[in-house]
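Here's the letter readout for the chains.
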Amino acid sequence: RLGPLGAYRELRDGLDPAAEVAMARQVKLFYFYYAQFRHLMTSMPPSMHATDYDPDDNRHDLRPFLLNCRWTRQFRAMDAEL
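Note that the coordinates shown come from a computational prediction; the quantities given were computed from them, not determined experimentally. (Residues numbered from 1 in each chain as written. Predicted model: local features only at pLDDT ≥ 70, side-chain atom pairs only at ≥ 80, totals over all residues. Heavy atoms only, no water.)

Peer 1: Go over the overall build of the chain with me, naming the residues and quoting the values.
Peer 2: In terms of regular secondary structure, the chain is built from three helices and zero strands. Across the chain, helices and strands are ordered from the amino to the carboxyl terminus as α-α-α. Within the chain, the fraction of its 82 residues that count as buried is 17%. For the chain, contacts bridging at least 24 residues in sequence account for 62% of all contacts bridging at least 6. Carbon and sulfur atoms provide 58% of the accessible area of the chain, an area that totals close to 6,500 Å². (Helix = DSSP H or I, 4+ residues; strand = E, 2+ residues; numbered from the N terminus. Buried < 20%, exposed > 50% of the residue type's maximum accessible area, 1.4 Å probe, protein only. Contact = heavy atoms within 4.5 Å. Areas by Shrake-Rupley, 256 points an atom, 1.4 Å probe, with all protein chains shown as cover.)

Structure, rendered in structure tokens:
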């Protein structure tokens, strides 16, 4: 349940400065593509639902699916911590 800045802070512990820059680049790339393709994870083929709740059912996934792929505030905060 971490965003880009929280994920970067968790992953950078114990890294040297050059590796921190590479880690920041990887986190930015991951969240860019995650935001760009998140809406594709919400589509589901029509099927019969025998119960109100099915673990494979996306109706109960309350995460937002339209995200700004630029993450301007979070990426700026990551750059400031480098």
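Peer 1: Could you give an account of the side chain of arginine 38, with specific residues and numbers?
Peer 2: Residue position: arginine 38 is located in the loop between α2 (17-37) and α3 (72-81). For arginine 38, the residues in contact, after removing those within four places along its chain, are Asp61, Arg63, Pro64, Phe65 and Leu67.

Peer 1: So what's going on with the packing of aromatic side chains? Residues and values would help.
Peer 2: One pair of aromatic rings is described through two measures. These are the centre distance and the angle between the planes. What the rule picks out here adds up to six aromatic pairs. Summarising the aromatic geometry, the rings of tyrosine 31 and tryptophan 71 are spaced 5.7 Å apart at their centres and angled 75 degrees between planes, so their arrangement reads as edge-to-face. Placement of tyrosine 31 in helix α2 and of tryptophan 71 in the loop between α2 and α3 is noted, with a sequence separation of 40 residues between them. This pair shows no difference in class: tyrosine 31 is buried, exactly as tryptophan 71 is. Centroid distance tyrosine 33 to phenylalanine 37: 6.3 Å. Interplanar angle 5 degrees. Geometry classified as stacked. Placement of the pair is tyrosine 33 and phenylalanine 37 together in helix α2, with a separation of four residues, close to one helical turn. In textbook terms, an aromatic cluster arises when at least three aromatic residues are bridged by ring pairs, as seen for Phe30, Tyr31, Tyr34 and Trp71. (Phe/Tyr/Trp six-rings, centres within 6.5 Å; stacked < 30°, edge-to-face > 60°.)

Peer 1: Could you give an account of unusual backbone geometry, with specific residues and numbers?
Peer 2: Trans is the prevailing form of peptide bonds, just as negative phi is the prevailing case for residues other than glycine. Even without being glycine, tryptophan 71 reaches a positive phi, approximately 45 degrees. Take tryptophan 71: its relative accessible area is 14%, and that puts it in the buried class.

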